[in-house]
Amino acid sequence: MTDRTAVLAQYLVPKQAITLLAGRIARARGGALTTRLIAWFVQRYHVNMAEAANPDIASYATFNDFFTRALKAGVRPLAQADLICPVDGAISQFGRIEGQQIFQAKGHAYSSTALVGGDATLAAQFDNGHFATLYLSPRDYHRIHMPCAGRLTRMIYVPGELFSVNPATARGVPGLFARNERVVCVFEGARGPFVLVLVGATIVGSMATPWHGAVNAPRPGRLSEWRYDDQSIEFRQGDEMGRFLLGSTVVMLFPQGPLEFNPAWQPGGAIRLGELMAQGV
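Residues numbered from 1 in each chain as written. Predicted model: local features only at pLDDT ≥ 70, side-chain atom pairs only at ≥ 80, totals over all residues. Heavy atoms only, no water.

A. Examining the sheet that holds strand β11 (residues 213-214) more closely. In spatial order, the strands read β6-β14-β10-β11; together these four strands make up an open sheet with antiparallel pairing. Edge strands, defined here as strands with exactly one partner in the open sheet, are β6 (143-145) and β11. Looking at chain direction, β6 and strand β14 (residues 240-245) are connected through three bridges and run antiparallel. The partner of I144 across the bridge, within β14, is G242. (Pairing = 2+ DSSP bridges. Helix = DSSP H or I, 4+ residues; strand = E, 2+ residues; numbered from the N terminus.)

Below is the structure:
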């Protein structure tokens, strides 16, 4: 199937209905049926259960419990870096934000204002700054960790489409990451504000954070915002800040200033939680 055919099919299928059904299956306590589903998934996607804190697939009560499994202590050491990679997965794109334009794929860009749900004041803090878009495939570990220490100031839920976020779709759907459902998490760090955007996709049952729980279940269909200015919700570098119930993409925004990404990084390359992502220079 070509990229064009795959993308066309996504415009036609009932993505919301498929996602609701997948969410119900993933939450179901199906006993032996759940175990068989997990066993099929592990084999189909070559999931490395030796890295899991609990490698016994029969002990997971639901598919969601398996999918958001914790890693064994010590398997993802943290690099000595200003910014560490927050996920396991693959690099979609990274680099400089051109004004407010974020590069998606050849022939496609989208605005930072659209990405954060239309808040031009928030987006302006990242004009000519830096971004990284990281894709989590089905086989990957699906918790998201902090690239650096930060204090949570806002969270914005933005309703949207549920296109797949795989590389073929990124090449074929204009403004993909600013069209899909997403959760925008705004932090204040030592180098200023930064944003982590959890992007939803087809069959992503929900996106959750440790301070809120599931953010988009049920889907309200309207933009919602939470402010935490009067609270002290702080995270250290490497702390868990969210998770996907089925896989998706994280987009990060950082302000203008000296920043040098890992010279070994390239679009399409594999990445691991904790490795060096970028250094201030």
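B. The arrangement of the packing of aromatic side chains in detail. Under the criterion given, the structure shown has 18 aromatic pairs. Ring plane angle 85° and centroid distance 6.1 Å describe the contact between F187 and F235, whose orientation is recorded as edge-to-face. With F187 in strand β8 (residues 182-189) and F235 in strand β13 (residues 234-235), this pair connects stretches of sequence that are 48 residues apart. Pair check on accessibility: F187 and F235 agree, each one buried. Taken together, the aromatic side chains of W40, F41, Y45, Y60, F63, F66 and F67 make up a single cluster linked through ring pairs. For the cation-ring pair, R44 lies above Y45, with the distance from its terminal atom to the ring centre recorded as 4.8 Å. (Phe/Tyr/Trp six-rings, centres within 6.5 Å; stacked < 30°, edge-to-face > 60°. Buried < 20%, exposed > 50% of the residue type's maximum accessible area, 1.4 Å probe, protein only. Lys NZ or Arg CZ within 6 Å of the ring centre and 35° of its normal.)

C. Layout of the environment of E161. Checked against the element boundaries, E161 lands in the loop between β7 (150-158) and α7 (167-172). Residue E161 is classed as partly exposed on the basis of its relative accessible area, which comes to 37%.

D. Expanded view of the nonpolar core. Core analysis: the biggest nonpolar cluster contains 36 residues, and F187, W211 and M241 have the highest contact counts within it. Residue assignment for this core shows that the elements contributing at least two residues are β5 (130-135), β7, β8, β9 (192-199), β14, β15 (249-254) and β18 (276-279). Apart from residues lying up to four places away in sequence, W211 is in contact with L152, M155, C185, F187, Y228, I233, F235 and M241. (Core = buried A, V, L, I, M, F, W, Y, C linked by side-chain atoms within 4.5 Å. Contact = heavy atoms within 4.5 Å.)

None of the figures reported here should be taken as evidence of function without further support.
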